[in-house]
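What follows is the residue order along each chain.
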Amino acid sequence: MSPPARPKAESLLAEPIADAVLATIHEYGYAEASVGEFVRRAGMTRTEFDARFSGKREVTALILEAHLDRFQERVGRAYAIADDWPDNLRAAAYETARCILENPDATWFLMVGVLEVDDMLRARRDQFFVWGAELIDGGRAAAPDPAAIPDSASLLAIGAIVETIRRRRAAGVEHDVARNLPKFMYTAVRPYLGEEAARAELTIELPPDLRSS
Amino acid sequence: MGERAMTRAELASHQRDRVIAKVTPVFAKRGYLATTVDDLLATGKIGVGNFYSLFDGKEDCFLACFDRVSVEAQERIESATEGVTDWDRRAYLGLAAMLEYFCADPSAARIVMVEAQCAGSEATARYNAILDRAVAWLSDGRQGHPEAAELPPSFEQASVSGLAFYLQQCLLAARRPSAAELISETSGLLLEPIIGSDRLGRLTHR
C-alpha cells in the first residue's frame, strides 16, 4: 500500500484543517490537543484525516512548514525589491509585521507552541530565524568596517524581536508589532552603521497600513 | 561526641541533591520533552517509590534542576562582583561570570536557556523572571550614564532578549564559541551603548 499523498503546503493553508489544528493547539497545548478535536473543528471525518496524514505530529509539521514557506516567500520578496541596506531590511520588517498581524495563531505557534512539540520542529523554526538573521547581516556589506562587526550581531538583533514576542505571547499579551518596528530597526542597524543611522530609524514613519493596525 | 546521624529530612534532602546533580545532564542531552521518568530513575539510580517521595513527577524534578542551575549562576555572579561598587565593572564582571559558567557547563546552560521553554508554564515563568531581572539590572546602568538616557526605552529588553536567543542558538548548534569570544561579542552589544566604548575598552583590558 502506498503512503498517503502529501498535500501541497500552500494549498493546505487554504483548508479548514490548517486553522483548526493551530486553534486547537493554542487552546489546549500540543500535548493535550487531539486529532478528534482537529477533525471536529475542521468539519472532516477521521477517515478523511487518516487518509491524508499519519497523525498529529505530521499535520502539525506540515502546517508549520507551509506557514514558514509563505512567510519566507513574502518577506524575501519584500527584501529583494529595495536595492540598499537598510531600506531592504526595513521593507522586509514591514512585510514580517503584516504576516504576523494577518496570522495570529500561526505566529503564536511559531513563537511559543512549537517549542512544546519536539526538537526537530524547534530546529526548523530556528532555521527560519537564522535566515532572518542573514537578511540583517546584509548590513555587513554596507558597514564602514565590516571586519569589526561581531559574527553574533545579526543573531542578537533577530533574537531581540523573537524573544520579546515569545515572552509576550507566552504571557498571553499581544505584542504591538507595528509600533515596535522602528525599535527593531534601531537594534538591527546599530551594530552595522552606528548610533546615528540607528537613531534615524526611530524617526521613519510606518507605512499607512501598519500605522493604523 | 562524634558524627551525629542524619535526620530523615536531611537524608531526603541529600538524596534529592544527588539525584538532581545526576539527572541534570539527562534533561540537557535528551531534551525535556523526550526525557521519561524511567530515564531519570535509571540515571539517578533511584527506585520509583523513592523518586516520587522526592519529586511530584518529571516536571517537578526538572524545576529542581532549573533552580539548582540558576542559584549556581547567581552565586557565581555574586562572587565575581563581591566588593565591586562601580556599576560598569560589576556589569562586565557579572556578565563574564555568567558566560564562563555556561561555557564550562553547557548542560546547566541548556537547562535554563533552552529546555525551560518547553517544560511547562512554571518553568517558562521562572525563565522569564530571570530575563526580567536581567532587564532591570541592565536598566540600573542608565543612572550613572546620562548619555544612555537617549537610548530607546526598549534597549534593555531588546538586548537581554537578543542575548538569550543568541545563547540558545550557540547551545543548539555544533559550534560553540569560547567564553572569551562570547564575553567580547556580547559585552560590546549589551554594555557599550550604556557605558561607552572607551570605558568598555578599559574594562576588557584590565
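Quick notes on the rules
- Residues numbered from 1 in each chain as written.
- Chains lettered and ligands numbered in written order.
- Predicted model: local features only at pLDDT ≥ 70, side-chain atom pairs only at ≥ 80, totals over all residues.
- Helix = DSSP H or I, 4+ residues; strand = E, 2+ residues; numbered from the N terminus.
- Buried ≥ 20, exposed ≤ 12 C-beta atoms within 10 Å, placed from the backbone.
- Contact = placed C-beta atoms within 7 Å.
- Nonpolar A, V, L, I, M, F, W, Y, C, P; charged D, E, K, R; others polar.
- Core = buried A, V, L, I, M, F, W, Y, C linked by C-beta atoms within 7 Å.
- Axes fitted to C-alpha atoms, helices over the stretch in contact; angles between N-to-C directions.
- Parallel < 35°, antiparallel > 145°, perpendicular 65-115°, else oblique.
- Left-handed = near helix turned anticlockwise from the far one by under 90°.
- Expected span 1.5 Å × (residues − 1).
- Bend = angle between axes of the 7 residues up to and from the residue.
- pLDDT = per-residue confidence, 0-100.

J.: Can you break down the overall build of chain A residue by residue, with the values?
T.: In terms of regular secondary structure, chain A is built from 13 helices and zero strands. What you see in chain A, going N to C, is helices and strands ordered as α-α-α-α-α-α-α-α-α-α-α-α-α. Projected onto its principal axes, the C-alpha coordinates of chain A cover approximately 60 × 35 × 30 Å. The buried share of chain A, taken over its 213 residues, is 42%.

J.: Would you mind going over the overall build of chain B in detail, with residue names and values included?
T.: Regarding its fold elements, chain B presents eleven helices and zero strands. Listing every helix and strand of chain B by position from the N terminus yields α-α-α-α-α-α-α-α-α-α-α. By principal-axis analysis of the C-alpha atoms, chain B measures approximately 60 × 50 × 30 Å. With 206 residues in all, chain B has 36% of them scored as buried.

J.: Please give an account of the interface of chain A and chain B that cites residues and values.
T.: Contacts between the two partners involve 24 residues from chain A and, on the opposite side, 24 residues from chain B. For the side of chain A that touches chain B, the secondary structure elements donating two or more residues are helix 8 (119–136), helix 10 (153–170) and helix 11 (177–193) of chain A. Ranked by residues supplied to the side of chain A that touches chain B, first place goes to helix 10 of chain A with eleven residues. Its residues placed into classes, the side of chain A that touches chain B shows twelve nonpolar, five polar and seven charged.

J.: Please set out unusual backbone geometry residue by residue, giving values where relevant.
T.: The omega torsion of the bond from W85(A) to P86(A) falls at 15°, within 30 degrees of zero and hence cis. Among the structural elements, P86(A) can be located in the loop between helix 5 (56–81) and helix 6 (87–102). Look at K45(B): it is not a glycine, yet its phi comes out positive at around 50°. Inspection of the secondary structure puts K45(B) in the loop between helix 2 (37–44) and helix 3 (48–54).

J.: An account of the nonpolar core is needed here, citing residue identities and associated values.
T.: V21(A), I63(A), C65(B) and I111(B) are the most contacted members of the largest nonpolar core, which has 115 residues in total. Among residues more than four places away in sequence, those in contact with I63(A) are L12(A), A18(A), V21(A) and L22(A).

J.: So what's going on with the environment of P152(B)? Residues and values would help.
T.: Positionally, P152(B) belongs in the loop between helix 7 (121–139) and helix 8 (155–172). Residue P152(B) is classed as partly exposed on the basis of its 18 C-beta neighbours within 10 Å. Other than its neighbours up to four places away in sequence, P152(B) contacts K183(A), Y186(A) and L202(A).

J.: Got a sec to walk through the packing of helix 7 of chain B against helix 8 of chain B? Specific residues and values, please.
T.: Residues and elements named next belong to chain B. In contact at an axis separation of 9 Å, helix 7 and helix 8 are set at 130° when each is read in the N-to-C sense. Between helix 7 and helix 8, the angle falls in the class oblique. Seen along the crossing, helix 7 lies across helix 8 with a hand that is right-handed. Along the contact surface, helix 7 presents L131, A134, V135, L138 and S139, while helix 8 presents E156, Q157, S159, V160 and A164. Here the residues of the contact of helix 7 with helix 8 are counted per class, giving six nonpolar, three polar and one charged.

J.: Give me helix 10 of chain A: which residues, what numbers.
T.: All names here are of chain A. Its 18 residues place the ends of helix 10 25 Å apart at the C-alpha level, agreeing with the 26 Å of an ideal helix rising 1.5 Å per residue. Where helix 10 bends most, at G159, the angle is about 25°. Most of helix 10 sits inside the fold, with 16 of its 18 residues counted as buried.

J.: Give a description of the packing of helix 4 (residues 58–81) of chain B against helix 6 (residues 106–113) of chain B that names residues and reports values.
T.: Think of two packed helices as two axes; the pair is described by the angle between the axes and how far apart they sit. Residue and element names in this part refer to chain B. Their axes nearest at 9 Å, the elements helix 4 and helix 6 cross at an angle of 110°. Comparing their axes, helix 6 and helix 4 come out roughly perpendicular. When you trace helix 4 past helix 6, the crossing you get is left-handed. Contacts between helix 4 and helix 6 pair C65, F66, V69, S70 and E72 from the former with A108, I111 and V112 from the latter. When grouped by side-chain class, the residues that make up the contact of helix 4 with helix 6 number six nonpolar, one polar and one charged.

J.: Before we move on, can you summarise the confidence of the model for chain A with the specific residues and values?
T.: Mean pLDDT over chain A stands at 91; residues scoring 70 or higher make up 94%. Here helix 1 (residues 9–13) of chain A stands out as the element of chain A with the lowest mean pLDDT, 81, in contrast to helix 3 (residues 35–42) of chain A, whose mean of 98 is the highest.

J.: Tell me what's going on with the environment of G49(B), and back it up with residues and numbers.
T.: Residues and elements named next belong to chain B. Structurally, the position occupied by G49 is in helix 3. Overall, G49 belongs to the exposed group, with 8 C-beta atoms counted inside 10 Å. Sequence separation of G49 and M6 is 43 residues, and the distance between their C-alpha atoms is 21 Å.

J.: Which residues make up the confidence of the model for chain B, and what are the values?
T.: Residue and element names in this part refer to chain B. The predicted model of chain B has a mean per-residue pLDDT of 92, with 98% of residues at 70 or higher. When pLDDT is averaged over each helix and strand of chain B, the minimum, 89, is found for helix 11 (residues 197–204) and the maximum, 97, for helix 4. Reported confidences for the modelled complex are a pTM of 0.89 and an ipTM of 0.86.

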